[in-house]
2 protein chains.
Amino acid sequence: MDKTTAGLKNLLEVAGGKRETELYIDGGTLVNVFTGELYQANVAVEQGKIAYVGDSRSMVGTNTKVIDASGYYLCPGFIEPHTHPWLVCNPVKMVEAALPLGNTAFVCDSLFLFAYLGAEGLLNLINALADLPAELFWVARIMHQSPVPEEQEYFSLENLDLVFSHPRVIKVGEITRWPRLFAGDESILAKMDLARVRRLGFEGHTAGCSYDRLNALVASGLESCHEAITVDEVIQRLRLGLWTMLRHSSLRPDLPTLLKAVTEKKVQTGRLMFTTDGSIPNFLRRSGFIGGMMKLAVAEGLDPVTAIQMATINPAAYLGLEQKLGGIAPGWQADLLLLPDLQNFKPHLVLTKGQIAAIDGKICAPLPGPDWGQLGLRTQLPPLELVSDPSLYGIKAHETTVFPVIELVSAAITKLRETPINVSDGFLAAAGDLLHCSLVNRHGRWVTNGFLTGFGKMDGLATNFATSNDLLVLGRDRNAMARAAAEVVQMGGGIVIIHEGKILFKMRLEYGLMNGCSFDQTADQTEELDRAAAVSGYPFNDVLYTLLFMVCDFLPGFRITARGIYDVKTRQVLAPVTLL
Amino acid sequence: MDKTTAGLKNLLEVAGGKRETELYIDGGTLVNVFTGELYQANVAVEQGKIAYVGDSRSMVGTNTKVIDASGYYLCPGFIEPHTHPWLVCNPVKMVEAALPLGNTAFVCDSLFLFAYLGAEGLLNLINALADLPAELFWVARIMHQSPVPEEQEYFSLENLDLVFSHPRVIKVGEITRWPRLFAGDESILAKMDLARVRRLGFEGHTAGCSYDRLNALVASGLESCHEAITVDEVIQRLRLGLWTMLRHSSLRPDLPTLLKAVTEKKVQTGRLMFTTDGSIPNFLRRSGFIGGMMKLAVAEGLDPVTAIQMATINPAAYLGLEQKLGGIAPGWQADLLLLPDLQNFKPHLVLTKGQIAAIDGKICAPLPGPDWGQLGLRTQLPPLELVSDPSLYGIKAHETTVFPVIELVSAAITKLRETPINVSDGFLAAAGDLLHCSLVNRHGRWVTNGFLTGFGKMDGLATNFATSNDLLVLGRDRNAMARAAAEVVQMGGGIVIIHEGKILFKMRLEYGLMNGCSFDQTADQTEELDRAAAVSGYPFNDVLYTLLFMVCDFLPGFRITARGIYDVKTRQVLAPVTLL
């Protein structure tokens, strides 16, 4: 008799009342996500799984631990179906913060980790995170967020096949550069074919896509989208059969709007989910992960049981994780919450894999993870002497010139302003809120110089917090830019803002987009960053995302990239890169 | 560019309006099973798939076939999630009859075919049926319905693995002998382990199972059940996370009762489905397959869109067939119905795989299938000289004896009556409605003799229509029994009733439980059989099922088996088999 069979026999015996159960949860009110009912039921737990749900006590023995759940609702753990657990905080710290709030499973984007670690390194990391008290599943990207020279090699079919074959990789991650897919790019279609052979479906990212174009993307195999930003977009996605995530993130806190698809337009909710997407830690601390979205949704008029279904069985069904996660039934994993009410969704107790993982907001399970310093995640940065030279930044010229200036119109959206720029010291000159903006290749091989407006009035800002993993340097003052860049390189990665001659803000990011700090420390730091950005004139709600996305070609508008200043829509290079 | 990629590119181009579509369905009212909405939308179809759903006509060209759907509802094809397509009629004839009524996909039990053909033969047959205009998927059994000596060999892990690995095998079929599973039978658990490795889930058959025991069966991995016969049983199954099929079959026409779980108890419907299970052809002709159930359900107060969801997207979700079947969305298979109304659910037009398959109730697609005579399905029967001898039947005795008589209390349920039986000519004597009842091994190796009451007053009835594939012979008159048995053997299988000295009914079943006739001929024959059974005193609603189940040990009660007269509950042999 092998281990699986033996485990199943034990479970059958507990369920059948022939064996003492390890744990018995007594007297709670079950939230039944299958029928939508609330009723009193006890739950027996054995070897990490639910063995029994009902009134029988025949499996309660002298060695059974009994938890008194009277006065509490029994609810499946919340599932976050789409997160990027490497935005400032690392995945272990995210679990430490989110698990006590009831988030017991996460579907994690692997992009940044894959880009740093390669296929084998990523899989080693996935394995190293597999024993966390929360379940981390992963999506595999098939292309980079923005084009990088290494793309062909990194996202080769061989590398992808390695990643696709890992049991914790359960979908292909958001296909951000959807216009290429819409155009029928054969290399994308070939990668999608391979994923189908490995039984993986496809997460979409159809931001800004018209209804008619959306048809084509859905026809190609996309199953979900988290990019709806209006009620109409929610309904369009649902109508076309997409599993639709309502997003409430630091960049796009849209839940109150999106929810009107249900509360006003009355669409059915079986294919709706919640996601915090890639939110910045201070936002998450304030908003409270998935449970916080549920609280907000119920306050906006959503039925509480529907909110629970949107956070449990719906994502489980979408993800192919039914029979394992998202419901309280025999044989399903014992990821359970004891909730005092169905308004706040803050658990008194969190059980994962049948063990008590958190009580009253405090984690009480070990959090085994990798040694982050040993993983090969160290931030890659250009040489100090290169970035310390102010002449690296700015555009040389002899007379006033019309230059394509990127203008920020929201935290993520840009437009172009062709404007004459004066010359000073042989360079086109920053002035007012017209900033120099440079992207320095992390290996020091090239630099793209341009101009940015609408971002603020800082003297200098430098960071490796950018989807291409290169060093982004902004500012009114090329000397301050060089100083900020040098500071970032010297501390091994991070973000530095110099304003009115002083270092206004400084945060270390020693592992690419991540630091090694606790969630709370990180939330404190990002809170402070928000303040510093505001002080130095940044007018929007998410400075980290503005920086991250400044280099992206998957968002419409104008971006600073390895090719130069780039118009995403027309695919034109407006001002070229300089090779070093 | 391989074929899949090329096909996908075409689809993308049609969806994007860059290529003429093959077929355009214009002006219909879409039944959106994702949102629950009804609204006007056109559908473009390319290479068997839906390419576009919406208002755009940019893919309509001079070579596009346009179907005017104005005045019709556009609805996904109906899915039958649990059928036994070898009960009198063969699968091709079933498709011929059911497809024009909107049934475009069937999940077929393979038991009888597997028992006759073995693993490789079954897979050849599955392949031979793969080009039908309807989709036939299959479930693989892991044990016989009733125990047979060949079981170990037939259901070996090697044979099962062969079957499990076929892409059209999508679940393990109903585990009928659930008490063995409840008891933790390791050979069953090992087979279930293998199925899990092959990514197959498990269809339950938890007839008569208490709520507490049901917990254990669900813990073992069962995902569905179609055996609820009361509202409470429906709710119990849903509450435990089982996908629950509401059954309306010739044996158990229970839909009006079961539906009260929704119409009165208001449970949510996302995990409910319809099934006709293994209905006899005349019942199916009268009731109208899944569409007929929907009509009945709506007449009983179910919302029509909910009825459609229960027949389309719900089974697709349960079966893991989303993105392919059960909804009208780009990339999904073009299995579509044009319905004149949402009361009768009788399609004007049936499209499958993008082709017109039926118009106004008449099939108009070719029905490619195997040569049934060449498959090795010929009915296995004991030797003529053996069954022609009246002394084979009945129990020899010298004086009045108390004997365990099987008493039918419904078409399928039996109890025991220990009753003194008189002796005549050295045999215990039939009298009134006390009938001899014998099961003769199909290879002539053994016979079990007993008595039956509550079945009727026929002189003799013989048939191979029994789950064990042996010859069942009943009657008041041992000579008439021998004559009926001889008739069955001489015609190569079937059913014969002799009543008042004459052959009252005769039907050929040359392929085990199947004949080679059309669905209508078979429905005529089974209609006549019902009349003949009633004339000869049979008091229930489904004589074929009574015969089929008389030999089953998976239903509670008393049965006639290879071991003898058998008490299923206590596992006791009440009167032994005789080896020949």
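Residues numbered from 1 in each chain as written. Chains lettered and ligands numbered in written order. Predicted model: local features only at pLDDT ≥ 70, side-chain atom pairs only at ≥ 80, totals over all residues. Heavy atoms only, no water.

(A) Region of interest: the overall build of chain A. Along the backbone of chain A there are 19 helices and 33 strands. Rg of the C-alpha trace for chain A: 25 Å, near the compact-globule value of 25 Å for 580 residues, within the 12% margin. Considered along the principal axes of its C-alpha atoms, chain A spans approximately 90 × 45 × 45 Å. The 580 residues of chain A split such that 65% are buried. Summed over all atoms, the accessible surface of chain A reaches about 19,300 Å², with 48% contributed by carbon and sulfur. Across chain A, the centroid of the 51 positively charged side chains sits 1 Å from that of the 61 negatively charged ones. (Helix = DSSP H or I, 4+ residues; strand = E, 2+ residues; numbered from the N terminus. Rg over C-alpha atoms; globule rule 2.2 N^0.38 Å. Buried < 20%, exposed > 50% of the residue type's maximum accessible area, 1.4 Å probe, protein only. Areas by Shrake-Rupley, 256 points an atom, 1.4 Å probe, with all protein chains shown as cover. Lys, Arg positive; Asp, Glu negative; His and termini not counted. Charge placed at Lys NZ, Arg CZ, Asp CG, Glu CD.)

(B) Broad picture of the packing of helix 5 (residues 157-164) of chain A against helix 7 (residues 186-197) of chain A. All names here are of chain A. Following both chains from N to C, one finds helix 5 and helix 7 inclined at 30°, their axes separated by 10 Å at the closest point. If you check the angle between helix 5 and helix 7, you find them roughly parallel. The way helix 5 lies across helix 7 gives a crossing that is right-handed. Seen from helix 5, the contacting residues are Leu157, Leu160, Asp161 and Phe164; seen from helix 7, they are Ala190, Lys191, Leu194 and Ala195. Each residue belonging to the contact of helix 5 with helix 7 can be placed in one class, and the counts come to six nonpolar, no polar and two charged. (Axes fitted to C-alpha atoms, helices over the stretch in contact; angles between N-to-C directions. Parallel < 35°, antiparallel > 145°, perpendicular 65-115°, else oblique. Left-handed = near helix turned anticlockwise from the far one by under 90°. Contact = heavy atoms within 4.5 Å. Nonpolar A, V, L, I, M, F, W, Y, C, P; charged D, E, K, R; others polar.)

(C) Molecular detail of the relation of the copies chain B and chain A. Least-squares fitting of chain B to chain A yields an RMSD of 0.1 Å, with the superposition described by an axial translation of 0.0 Å and a rotation of 180°. On the angle and the small slide along the axis, the relation comes out as a two-fold axis. In this assembly the copies share their binding face: 100% of the residues contributing to the interface of chain B also contribute to that of chain A. (Least-squares fit on C-alpha atoms with pLDDT ≥ 70 in both.)

(D) A look at the confidence of the model for chain A. Mean pLDDT for chain A: 95, with 99% of residues reaching 70 or above. The complex model carries a pTM of 0.95, and its ipTM stands at 0.94. (pLDDT = per-residue confidence, 0-100.)

(E) Structural view of the packing of aromatic side chains. This model, assessed by the stated rule, comprises 22 aromatic pairs over all chains. Ring centres of B:Trp243 and B:Tyr318 lie 5.9 Å apart, and the angle between their planes is 40°; on these two criteria the pair is classed as tilted. Taken together, the residues span a long stretch of sequence, with B:Trp243 in strand 14 (residues 243-247) and B:Tyr318 in helix 15 (residues 313-319) at a distance of 75 residues. Residue classification places B:Trp243 among the buried positions, given a relative accessible area of 6%. On the accessibility criterion, B:Tyr318 (4% relative accessible area) is buried. Taking the centre distance of 5.0 Å and the plane angle of 75° together, the rings of B:Tyr545 and B:Phe549 count as edge-to-face. Here B:Tyr545 pairs with B:Phe549, and both are found in helix 19 (residues 543-549), just four residues apart, close to one helical turn. A single burial state applies to B:Tyr545 and to B:Phe549, both of which are buried. Aromatic rings pair up to connect A:Trp86, A:Phe112 and A:Tyr116 into one cluster. (Phe/Tyr/Trp six-rings, centres within 6.5 Å; stacked < 30°, edge-to-face > 60°.)

(F) Main features of helix 9 (residues 231-239) of chain B. All names here are of chain B. Looking only at helix 9, the buried set comprises Val231, Glu233, Val234, Ile235, Arg237 and Leu238. Against helix 8 (211-219), strand 13 (222-225), strand 14, helix 10 (255-258), helix 11 (260-263) and strand 15 (272-275) lie the buried residues of helix 9. Of the residues flanking the end of helix 9, it is Gly241, one or two places downstream, whose phi is positive at about 85°.

(G) Broad picture of the interface of chain B and chain A. With 61 residues of chain B in contact, the opposing surface of chain A contributes 61 residues. A combined buried area of about 4,800 Å² lies between chain B and chain A, and 53% of that area is made up of carbon and sulfur atoms. The interface formed by chain B and chain A includes six salt bridges. Counting every contact that joins chain B to chain A gives 23 residue pairs in polar contact (both at pLDDT 80 or more). When residues of the side of chain B that touches chain A are traced back to their parent elements, those giving at least two are helix 1 (3-15), strand 5 (49-54), helix 6 (178-182), helix 7 (186-197), helix 8, strand 13 and helix 9 of chain B. Its residues assigned to classes, the side of chain B that touches chain A comprises 31 nonpolar, 17 polar and 13 charged. (Buried area = accessible area lost by both parts, 1.4 Å probe. Salt bridge = Lys/Arg side-chain N within 4 Å of Asp/Glu carboxyl O. Polar contact = N/O pair within 3.5 Å; in protein donor to acceptor, adjacent residues only side chain to side chain.)

(H) Local environment of the sheet that holds strand 17 (residues 349-352) of chain A. All names here are of chain A. The strand order 3-2-7-16-17-18-19 describes an open sheet built from seven strands, whose pairing is mixed. The sheet terminates laterally at strand 3 (38-40) and strand 19 (362-363), the two strands that pair on one side only. As defined by bridge partners, strand 2 (residues 29-31) adjoins strand 7 (residues 73-76) across two bridges and the pair is classed as parallel. Bridge assignment links Leu30 to a residue of strand 7, and that residue is Leu74. (Pairing = 2+ DSSP bridges.)

(I) Fine view of the environment of B:Ala261. Relative to the elements of secondary structure, B:Ala261 occurs in helix 11. Considered as a pair, B:Ala261 and B:Met94 are 167 residues apart in the sequence and their alpha carbons are 30 Å apart.

(J) Expanded view of the side chain of B:Asn515. Residues and elements named next belong to chain B. Topologically, Asn515 is positioned in the loop between strand 29 (502-508) and helix 18 (519-535). Look at Asn515 and you get buried, because its relative accessible area is 0%. At 3.3 Å, the side chain of Asn515 and the side chain of Thr522 are in polar contact. Side-chain polar atoms of Asn515 contact the side chain of Gln525, separated by 3.4 Å. If we skip the residues at most four places from it in the chain, Asn515 touches Val88, Cys89, Asn90, Arg508, Leu509, Glu510, Thr522 and Gln525.

(K) Quick peek at the packing of helix 1 (residues 3-15) of chain A against helix 7 of chain B. Contact geometry of helix 1 of chain A with helix 7 of chain B gives a least axis separation of 10 Å together with a crossing angle of 120°. One finds that helix 1 of chain A runs oblique with respect to helix 7 of chain B. Here helix 1 of chain A runs over helix 7 of chain B; the crossing is right-handed. Note on element contacts: helix 7 of chain B touches helix 1 of chain A through B:Glu186, B:Leu189, B:Asp193 and B:Arg196, opposite A:Thr4, A:Thr5, A:Leu8, A:Lys9 and A:Leu12. Residues that form the contact of helix 1 of chain A with helix 7 of chain B fall into these classes: three nonpolar, two polar and four charged.

(L) A look at the sheet that holds strand 32 (residues 572-576) of chain B. Residues and elements named next belong to chain B. Strand order in this open sheet of three strands is 30-31-32, and the pairing throughout is antiparallel. The open sheet has two free edges, formed respectively by strand 30 (558-561) and strand 32, since each of these has just one partner strand. Strand-to-strand twist across the sheet, computed as the mean angle between neighbouring axes with direction ignored, equals 25°. Both strand 30 and strand 31 (residues 564-567) contribute to a ladder of four bridges, which runs antiparallel. Among the inter-strand pairings, Thr561 is bridged to a residue of strand 31, identified as Gly564.

(M) Spotlight on the environment of A:Phe505. Residues and elements named next belong to chain A. As for its placement among the helices and strands, Phe505 is situated in strand 29 (residues 502-508). Here the alpha-carbon distance between Phe505 and Leu529, two residues 24 residues apart in the chain, equals 6.6 Å. Contacts of Phe505, omitting those with residues within four sequence positions, involve Ile495, Val496, Ile497, Gln525, Glu528, Leu529 and Ala532.

(N) Spotlight on the pattern of salt bridges. All names here are of chain A. Per the counting criterion, the structure on display carries 48 salt bridges over all chains. Among the ionic pairs, Asp193 bridges to Arg196, the shortest N-O distance being 3.6 Å. Of this pair, Asp193 and Arg196 both sit in helix 7, three residues apart, roughly one helical turn. Note on Asp193: relative accessible area 11%, which makes it buried. It is possible to trace a salt-bridge network through shared partners that takes in Glu13, Arg19 and Glu46.

(O) Region of the structure containing helix 3 (residues 111-128) of chain A. Residues and elements named next belong to chain A. With 18 residues, helix 3 extends just 17 Å between its outermost C-alpha atoms, more than 12% less than the 26 Å of an ideal straight helix rising 1.5 Å per residue. Gly118 marks where helix 3 bends most, by close to 120°. Along helix 3, 14 of the 18 residues are buried, which leaves the element largely enclosed by surrounding structure. (Expected span 1.5 Å × (residues − 1). Bend = angle between axes of the 7 residues up to and from the residue.)

(P) Quick peek at the environment of A:Ile79. Residues and elements named next belong to chain A. Examined against the element boundaries, Ile79 turns out to sit in strand 8 (residues 78-83). The exposure class of Ile79 is buried, given its relative accessible area of 3%. In sequence terms Ile79 and Leu255 are 176 residues apart; their C-alpha atoms lie 17 Å from each other. Discounting residues that sit within four places of it in the chain, Ile79 has contacts with Ala105, Ile290, Ala311, Thr312, Pro315, Ala316, Leu319, Leu325 and Gly326.

(Q) Just the side chain of A:Ser56, in detail. Here A:Ser56 is to be found in the loop between strand 5 (49-54) and strand 6 (65-68). Sequence-distant contacts of A:Ser56, defined by excluding residues within four places in its chain, comprise A:Tyr24 and B:Asp212.

(R) Layout of unusual backbone geometry. Positive phi values are uncommon outside glycine, yet A:Lys266 reaches one of about 60°. You can see A:Lys266 is positioned in the loop between helix 11 (260-263) and strand 15 (272-275). Exposure remark for A:Lys266: the relative accessible area of 61% places this residue in the exposed category. Despite not being glycine, B:Gln47 shows a phi value in the positive range, around 50°. Given the relative accessible area of 43%, B:Gln47 is considered partly exposed.

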